[in-house]
Amino acid sequence: MKILLKRGKVINVFTGEIEESDVLIENNVIIGVGEYNEDDADIIKDVSHKYICPGLIDGHIHIESTMLTPVELAKVVLAHGTTSIVADPHEIANVCGIEGIEYILGKSEDIPLHVYVMLPSCVPATQFDESATELMATDLEPYYDVERVLGLAEMMNYPGVLSGDLKVKEKIHDAVARNLVVDGHAPLVTGRDLDRYIAAGIQSDHECSNEEEAKERVRKGQWVMIRQGTAARNLEGLLPMFNDRYKHRCILVTDDRHPSDLLEDGHIDNIIRLAVKNGKSVITAIQMATIQAAQCFNLRLVGAIAPGYRADILVLDDLEQFKVRDVYSEGEQVVDNGKVVQIEEPWIDDDLYERICTSFHMNEVSEKDFVIKPEGVADIDGMSEEEAQRKVRVIKIIEEQLLTQEWQTQVNLKKDNGIDIERDILKLAVIERHNYTGHIGLGYISGIGLKEGAIAASVSHDSHNLIVIGTNEKDMALAANHIKKLEGGSVVVKDGQILADMQLKIGGLMAVEPASYVAEKNLKVREMVYELGVPKEIEPFMTMAFVSLPVIPDIKMSTKGLIDVNKQERVSLFVDE
């Protein structure tokens, strides 16, 4: 069957031109761009005064971070013009091992959203993480034969790359030997260390937070992924990358984006609108989100309106506002006047699904598990006032960044066990939930702004242990135990009462419900946290989720205690120990 899009304004991503033209589609391919007669096609679509654009590509996303199943995610992002995503399933792989990868591949099979997969490179992320299992190169190797697998996902263990870790080298070698892509993750790495990191075979980075960092990577041949997610919003800092000298080596990605943000603001289309709002060319942004993303991942004949290219096509009512009207995926119309067609849920093995939905393997916790004590001290109350005054390392949040800073300050262990709401010093715990180890990392955090109660979640990158932040131990224990009862999710607690919660049954990461319901629940827990004093410019749960990731400087919390990321070593909570 042939479909003719008649009299549209075609965006040429090769030249940056916009020309009035017809587009002829046969089956899943564009077979002509030019002037055609109506008898050349079976179906005629008059798109006069509308723009014809290639389908958008998100070059780096964690499906799990959207809290949606692949089908529910497809229903949302297709309506916003995204026809392809490159997913890294390392979140669910940390929780469920190889079965997590099987789940993502199975649940994204033959749906209208093209879901490509990069194999998780770091499960766990580092030696300091406690995930459900460790994935070796031999575990990943068979999956390179899967057609939708494009390579090795973000190599966040950059210390392992630089030190020549044999496990890391083997994983990179297996991808490079097949001429596949290896993605990077090396925040603030520069100079000779960056040279060695790139020379290992790593071709991109999505952790650039400033202009100088990004420009160095382009100069050294890497692709820069300009990220605009829920917690990490780097577009503003990387706007200079839209300039002529650098724009050809940049693509647009979301990385981690919550469902309420997807439904309210959009997906890659939202990044395009933000770039335009900041004075950047809409054509440049489209090129980053289409042909350049395809080139980055060696996707042949994808990402352009041209003969022979896959017929992933958008019809836009407005270019500057990037208002999507119709969407074609492989020549089949999947969005009609803004409405997504019905998408069938792919089947996976029932036993696999049951295991994926039963991922909490930990005992309940009590208030005493959250009490911070110096080594050798049995009872805080028995300490003298002088002994109780201790200098500690506090994790300090940097707004709109995944980077954190170490803040050394004095706390009084006998007064609320060091919690100081006036100075925004709250208690933090990361609890192992995969293998009944009982490990709990305890410390302090600043920058969240919580004034009352506690919050907890099973989404804590990348090993996704149970993370809790609170103003008192009683609410922290209730929050943690409630997440265990839910088999995953997020919760807000105050004065011994559950104020709001959200269940994420699939690996403790994704919900089983439709996107609209998930977004509503997601929004409710976020809004409830704001009622407890958190400033609205902070996304509390996404921000909290990255506090346990020991590959992003400067200091993070693991199930075994504080990690100095730059030195890649454990450090004491107490400065004088």
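All of the points below concern the structure found in this document. (Residues numbered from 1 in each chain as written. Predicted model: local features only at pLDDT ≥ 70, side-chain atom pairs only at ≥ 80, totals over all residues. Heavy atoms only, no water.)

### Notes on the nonpolar core
Counting 174 residues, the largest nonpolar core has I226 and I272 as its most contacted members. If sequence neighbours within four positions are ignored, I272 has contacts with L56, L252, V282, A285, I286, A289 and F322. Ranked by size, the runner-up nonpolar core spans 17 residues in total, among them A153, W223, I251 and V302. (Core = buried A, V, L, I, M, F, W, Y, C linked by side-chain atoms within 4.5 Å. Buried < 20%, exposed > 50% of the residue type's maximum accessible area, 1.4 Å probe, protein only. Contact = heavy atoms within 4.5 Å.)

### Some remarks on the sheet that holds strand β28 (residues 569–571)
One open sheet accounts for three strands, arranged β26-β27-β28; its pairing is antiparallel. A strand with exactly one partner marks an edge of an open sheet, and here the two such strands are β26 (555–558) and β28. This sheet shows a mean twist of 45 degrees between the axes of neighbouring strands, independent of strand direction. Inspection of the sheet shows strand β27 (residues 561–564) paired to β28 by three bridges, in the antiparallel sense. Residue pairing in the sheet places I563 in a bridge with R570 of β28. (Pairing = 2+ DSSP bridges. Helix = DSSP H or I, 4+ residues; strand = E, 2+ residues; numbered from the N terminus. Axes fitted to C-alpha atoms, helices over the stretch in contact; angles between N-to-C directions.)

### Details of the pairing of strand β23 (residues 466–470)
Residues in a regular strand point their side chains to alternate faces of the sheet. Taking burial as the measure, the five residues of β23 include five buried ones, the bulk of the element. Burial of the side chains of β23 extends over both faces: L466, V468 and G470 are buried on one face and I467 and I469 on the other. Bridge count for strand β20 (residues 426–431) against β23 is five bridges, and the pairing is antiparallel. Bridge assignment links L428 to a residue of β23, and that residue is I469. Where strand β22 (residues 454–457) meets β23, four bridges bridge the pair, whose relative direction is antiparallel. Following the sheet pairing, A454 is matched in β23 by G470.

### With respect to unusual backbone geometry
Cis geometry is adopted by the peptide bond preceding P124, which originates at V123 and carries an omega value of 0 degrees. Within the secondary structure, P124 sits in the loop between β8 (114–119) and α4 (137–140). Between P553 and D554 the backbone carries a cis peptide bond, its omega angle lying at 0 degrees. Along the chain, D554 falls in the loop between α17 (540–545) and β26. Even without a glycine there, the phi angle at N298 is positive, about 60 degrees. Tracing the chain through its elements places N298 in the loop between α12 (291–296) and β14 (313–318). In the Ramachandran plot, N417 falls in the positive-phi region, its phi being about 55 degrees despite a non-glycine side chain.

### Here's the deal with the packing of helix α10 (residues 268–277) against helix α11 (residues 282–289)
At a minimum axis distance of 9 Å, the contact between α10 and α11 shows a crossing angle of 150 degrees. One finds that α10 runs roughly antiparallel with respect to α11. When you trace α10 past α11, the crossing you get is right-handed. Judged by residue contacts, I268, I272, A275 and V276 of α10 engage V282, A285, I286 and A289 from α11. A per-class count over the contact of α10 with α11 returns eight nonpolar, no polar and no charged. (Parallel < 35°, antiparallel > 145°, perpendicular 65-115°, else oblique. Left-handed = near helix turned anticlockwise from the far one by under 90°. Nonpolar A, V, L, I, M, F, W, Y, C, P; charged D, E, K, R; others polar.)

### Considerations on a negative patch on the surface
A cluster of acidic residues, D349, D350, D351 and E354, forms a negative patch at the surface. Note that D351 resides in helix α13 (residues 350–356). Relative accessible area serves as the criterion here: at 51%, D351 is assigned to the exposed category. (Patch = residues over 30% accessible without salt bridge, like charges linked within 9 Å, V, L, I, M, F, W, Y side chains within 5 Å. Areas by Shrake-Rupley, 256 points an atom, 1.4 Å probe, with all protein chains shown as cover. Salt bridge = Lys/Arg side-chain N within 4 Å of Asp/Glu carboxyl O. Lys, Arg positive; Asp, Glu negative; His and termini not counted. Charge placed at Lys NZ, Arg CZ, Asp CG, Glu CD.)

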